[in-house]
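Here's the letter readout for the chains.
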Amino acid sequence: MTPVEDNCNNVVFLIKEAHDVTEHKRREAELTRLNDQLTTSNRELEQFAYVASHDLQEPLRKITSYAQLLLEDAENLNPDARRDIDVVIDGAERLKVLVGDLLTFSRVTTLGRPLSLVDANECLQAALENLELTIQESNSVIKCDTFPAVVADAGQLTRLFQNLISNAIKYCDEARPTVHIGNRVVDSQVECFVKDNGLGIEPRYFDKVFEIFQRLHGRTAYSGTGIGLAICKRIVERFGGRIWVDSDGKSGTTFYFTLNMDSQGAQA
Ligand SMILES: Nc1ncnc2c1ncn2[C@@H]1O[C@H](COP(=O)(O)OP(=O)(O)OP(=O)(O)O)[C@@H](O)[C@H]1O
Ligand SMILES: [Mg+2]
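This report concerns the structure included in the present document. (Residues numbered from 1 in each chain as written. Chains lettered and ligands numbered in written order. Predicted model: local features only at pLDDT ≥ 70, side-chain atom pairs only at ≥ 80, totals over all residues. Heavy atoms only, no water.)

To continue, consider the site of ligand 1. In the vicinity of ligand 1 there are 20 residues, among which Asn167, Tyr171, Arg215, His217 and Leu229 approach most closely. Contact between ligand 1 and Ile227: an oxygen atom at 2.9 Å from a main-chain N or O atom of the residue. The fraction of the free accessible surface of ligand 1 (590 Å²) that becomes covered by protein chains is 93%. With three residues, helix α5 (residues 154-170) is the largest single contributor of residues to the shell around ligand 1. (Near = heavy atom within 4 Å. Polar contact = N/O pair within 3.5 Å; in protein donor to acceptor, adjacent residues only side chain to side chain. Areas by Shrake-Rupley, 256 points an atom, 1.4 Å probe, with all protein chains shown as cover. Helix = DSSP H or I, 4+ residues; strand = E, 2+ residues; numbered from the N terminus.)

So, in structure tokens, the structure goes:
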């Protein structure tokens, strides 16, 4: 600190103050620059995911259909070659599902409808209708509470309920999977939950399950690409809420998410 004196020998510290403001401004400018960089990089990544998943669909369709034609046309193909072509078809089919899921993931933000006050009960019912066959075939018991109106995009809220309920039924070895979809109002938010009596999730995986393409169970035992919960997280965050999971790792899992009851805090 450099003391500066005026004509009457009074000490003033203007120099130090000027220095502090400059440093503050420099940091602020740096933060703005980094923030802009991050926004651009996120937008580019978003664009890449969209273009890649969209444009890969057509060539993939071609691989599957031509491989199938090859199987049909080449009657004298030896068993080894047939098996090889089957592997190609199987791989292309799986890639098609993955690419489709990635497209759904990137569309949460690119094709989302504006947020408005919606009837969560209707969205929950729509999700249950979409899962009707799964519920019947698995002998599941579904219990639903009444929900208040929430700020959301109805299509995406339906998808959110659907992904969580389908997981609750899928990751369950009980003869009667039981799912309770409920809520409680906390301040101006609704804390929703989807509780099951399934396999459970160990606490060390609580964050990991929300990451894209992360699965805890093998593909042969339980089908899936590992994108459902990443989509749920994206949807909830778009609505201005948060999502988390709780489980003792062996007897059931509860997924929680918050939703706003008025437009405050929601991001379009
Ligand atoms: N209710 C649940 N009980 C136990 N494990 C679960 C539950 N929900 C999710 N998991 C675990 O978290 C992983 C990620 O779930 P997520 O829904 O993202 O993917 P998925 O179900 O494998 O595939 P999909 O993209 O078809 O939904 C699952 O593979 C499973 O291991
Ligand atoms: Mg899933």
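If you trace the backbone, Thr253 turns up in strand β9 (residues 253-260). If near-sequence neighbours (up to four positions away) are discounted, Thr253 is found in contact with Val194, Lys195, Asp196, Gly200, Ile201, Val245, Asp246 and Ser247. (Contact = heavy atoms within 4.5 Å.)

Next up on the list: the nonpolar core. Formed by 45 residues in total, the largest nonpolar core has its most connected members in Leu157, Phe161, Ile165 and Phe257. Sorting elements by how many residues they give to this core places α5 first, with seven residues. Two domains each donate at least three residues to this core, and these are domain 1 (1-111) and domain 2 (116-260). (Core = buried A, V, L, I, M, F, W, Y, C linked by side-chain atoms within 4.5 Å. Buried < 20%, exposed > 50% of the residue type's maximum accessible area, 1.4 Å probe, protein only. Domains from an automatic or database assignment.)

Another aspect to go through is helix α2 (residues 79-110). The terminal C-alpha atoms of α2 lie 46 Å apart, and with 32 residues this matches the ideal 46 Å at 1.5 Å per residue to within 8%. Taken together, the buried positions of α2 are Ile85, Ile89, Ala92, Val99, Gly100, Asp101, Leu102, Leu103, Phe105, Ser106 and Val108. Measuring from the side-chain oxygen of the N-cap residue of α2 to the backbone nitrogen of Asp80 gives 3.0 Å; that N-cap residue is Asn78. (Expected span 1.5 Å × (residues − 1).)

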